[in-house]
Amino acid sequence: MRSGSLKGVRLWFARNNGALFALVLFIAMFALYVAKNGVGVRTGLITAVANKGVLLALVAMAQTLPILTSGLDLSVGMIFVLTNCIASTILSGPPWLVAAGVAAVLLSGVICGAINGALVVYGRLQPIIATLATGAVYNGLALLVRPVPGGSIEPTFAAVLTTQIFDVVPTTLVILLAVVLAIWLPFQLSTTGRGCYAIGSSESAAYMTGIAVRRSRLAAYMFAGLLAAIGGLLLTAMTLSGDASAVSGGIYTLSSIAAVVIGGTSLMGGVGGAVGSIFGAFVLREVSDLLFVFDIQPLVQPFIQGLILLGAVSLGALRVLRARSRLEFLGVGR
Amino acid sequence: MTRVLQQLDRPVVIAFGFILVLLILGGIYNQQFLSGLYLLQQLRVASFLGIIASGVMVVILLGHIDLSIPWVVTIGGITATAVAGWWGASWTALGVPLAIACGALVGLANGFGVAFLRIPSMVFTLGMNAVVQGMVVMYTGGNAPPDQATPILQWLAVRDTFHLPHAVIVWAIVGVLVMVALRRTPFGRYVYAIGNSERVSYLSGISTRTILIIAFVTSGACSAFAGAMLAGYAGKAYQAMGDPFLLPAIAAVVLGGTSILGGRGNYLGTVAGVILITLLESILSVMQISDSARQIIYGAMIIVMMLVYGRDRRVEG
């Protein structure tokens, strides 16, 4: 019994070491930031850090799901931008109208994800190409909704989302926790969610085992759309406006891939999870804070940021040292 | 002749068919779309994307991807114009080879990360893109290096000989080189072999690392070269000038029938894909369709075309 539970603990660590590494890295960076900053841990400071990281964290969580199925979603940043634009048009008025608006925003994210999923599952397109194209479409739709940056959102609703609960805990962190507990964990533990992991490990084996491959894959893209829409909603609450910026959508998409990798999810699929991606996102966001408190010249900052990004994603290279044969890295091929 | 026909596999024929349809539709809207002058101008605009796509295609054939294109294009343009400030105006001719060398160096780093460190190309090239961006910001931010297009860049990008744009000639030369390398040299055979199965290629004695590195160097060099020519076309080099080229380059390669998983595709298809995307963008903008509708049509066209001929085989059953 004892050795059994020990084995369980070891297995848990082995399965989550990527996420744990990202968590430790973030805590170390945050501690360094607080120590150097010298103002102490204040609610305002934590809220600022949380609000900055939570948007990328949500987009990265969204990106995790398709990647787990060994796919990719290049439109995830555009769904984020599109839902931001939609939210900036419909979220004002009495509470019941705002609530309906929130539902509509989330639903539009799910629909975008469902379109991606349908193209991949029923259209049998490569995810990278299908979502590249839908990304352009969603960008167009966002421009249609909001040709110029602007719009508004019910100020009291926005204030609730971006401040603290009981003046202590940043609301955005609570929302993130709620998303993990109410969306991610149930999904991961469900048959459909486990199916996503199975597809990522071996699609043909998953099919042979009787896993509903199509349903799992479709669900992965739909949940990705939902998570990106939650991100878009929070973005609207923070900026109080909508902006159909293709540039920002592209940056979020690319950063989300980096955050997923730093969080310990394999791009080959089948290994990792969305919680790691949250820590990965916070690590990425914390870099700029650190550069700021260490008084790095602004002109040098992007270069150092790039080096850190490159270094972080290259940590996987350490396994090269452990390998006994180069064949270990070479896939079996088609 | 038969050999040429053999190369025209289904995706390539369909892609050229779509080009014809676009031209006919455009011609119905406005006769100007069928004039030689307009078509030559489109080819000139297409040549920049074409040169970038040539390098991207080699990397995609391996089953990899190069996301460092945007800032490699930019560093190419900035290097080619900044040369004038280093050794004086008489050395500006060195700008183009230096730009290509810069791009090749970035490609070398990419190839090293992918071939030796075994980092997935998607994230390693993404990281390199950020590093190159940082280098450009660091270099151009403090001092302002010359960014005006030098005469040689303008000669390459905007001048014609007998109405034939030099840019198109350059693309043709790059294209023939890539086509010959892919079809007539061991390197090309190895690229296709690795794209189909790196494991089998390695076990057959192919030096897969060398091939990977050469491919990424090619991609970097092509992008930087295109960046230098773009600086000539736009009259100056500027930050983020490469940003609008990454997705169209990948789309052009894939629309031309090259499999994103590697191992399958030919260069004529990429030519068709590049022309198709350039024509589509041009016709939509001439018709004064709003930016939003243009994006939607653009994305929808790619989806429709891929549904026609870019579908995977069924895994199940």
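Residues numbered from 1 in each chain as written. Chains lettered and ligands numbered in written order. Predicted model: local features only at pLDDT ≥ 70, side-chain atom pairs only at ≥ 80, totals over all residues.

Engineer: Any details on the overall build of chain A? Residues and values, ideally.
Structural biologist: Along chain A, the regular secondary structure elements total 14 helices and two strands. At 20 Å, chain A has a C-alpha radius of gyration in line with the 20 Å of a compact globule built from 334 residues. Here the C-alpha coordinates of chain A stretch approximately 60 × 50 × 45 Å along the principal axes. Within chain A, contacts between residues separated by at least 24 positions form 79% of all contacts whose residues are at least 6 apart in sequence. (Helix = DSSP H or I, 4+ residues; strand = E, 2+ residues; numbered from the N terminus. Rg over C-alpha atoms; globule rule 2.2 N^0.38 Å. Contact = placed C-beta atoms within 7 Å.)

Engineer: Can you lay out the overall build of chain B for me, pointing to particular residues and giving the numbers?
Structural biologist: Counting secondary structure elements, chain B contains 14 helices and two strands. Overall, chain B is about 65 × 55 × 40 Å in size when its C-alpha atoms are taken along their principal axes. Looking at chain B residue by residue over its 317 residues, the buried ones come to 54%. Within chain B, contacts between residues at least 6 apart in sequence are counted, and of these 78% link residues at least 24 apart. (Buried ≥ 20, exposed ≤ 12 C-beta atoms within 10 Å, placed from the backbone.)

Engineer: I'd like to hear about the nonpolar core, residue by residue, with values.
Structural biologist: With 205 residues, the main nonpolar core has Ala258(A), Ile52(B), Met229(B) and Ala249(B) as its most contacted residues. The residues contacting Ala258(A), other than those within four sequence positions of it, are Leu284(A), Leu309(A), Val313(A), Val123(B) and Leu126(B). (Core = buried A, V, L, I, M, F, W, Y, C linked by C-beta atoms within 7 Å.)

Engineer: Can you break down unusual backbone geometry residue by residue, with the values?
Structural biologist: For Leu240(A), which is not a glycine, the phi torsion comes out positive at approximately 60°. Secondary-structure assignment places Leu240(A) in the loop between helix H10 (213-239) and helix H11 (246-262).

Engineer: Mind laying out the interface of chain B and chain A, listing which residues take part and the relevant values?
Structural biologist: Facing the 49 residues of chain B at the interface are 51 residues of chain A. Breaking the side of chain B that touches chain A down by element, the ones donating at least two residues are helix H6 (121-142), helix H10 (198-203), helix H12 (246-255) and helix H14 (291-309) of chain B. In terms of residue class, the side of chain B that touches chain A is made up of 29 nonpolar, twelve polar and eight charged. (Nonpolar A, V, L, I, M, F, W, Y, C, P; charged D, E, K, R; others polar.)

Engineer: I'd love a proper account of the packing of helix H2 (residues 43-68) of chain A against helix H12 (residues 274-293) of chain A, names of residues and values included.
Structural biologist: Residue and element names in this part refer to chain A. Where H2 meets H12, the closest approach of the two axes is 8 Å, and the angle between their N-to-C directions is 140°. As far as their axial angle goes, H12 and H2 are oblique. Here H2 runs over H12; the crossing is right-handed. Contacts from Val49, Lys52, Gly53, Leu56, Ala57, Ala60, Met61, Gln63 and Thr64 of H2 reach H12 at Ala274, Ser277, Ile278, Gly280, Ala281, Phe282, Leu284, Arg285 and Asp289. The residue makeup of the contact of H2 with H12, split by class, is ten nonpolar, five polar and three charged. (Axes fitted to C-alpha atoms, helices over the stretch in contact; angles between N-to-C directions. Parallel < 35°, antiparallel > 145°, perpendicular 65-115°, else oblique. Left-handed = near helix turned anticlockwise from the far one by under 90°.)

Engineer: Before we move on, can you summarise the packing of helix H6 (residues 155-162) of chain A against H10(A) with the specific residues and values?
Structural biologist: Residues and elements named next belong to chain A. The interhelical angle for the contact between H6 and H10, taken along N-to-C directions, is 110°, at an axis separation of 8 Å. The orientation of H6 relative to H10 falls into the category roughly perpendicular. For the pair H6 and H10, contact is made by Ala158, Leu161 and Thr162 and by Leu234, Ala237 and Met238, respectively.

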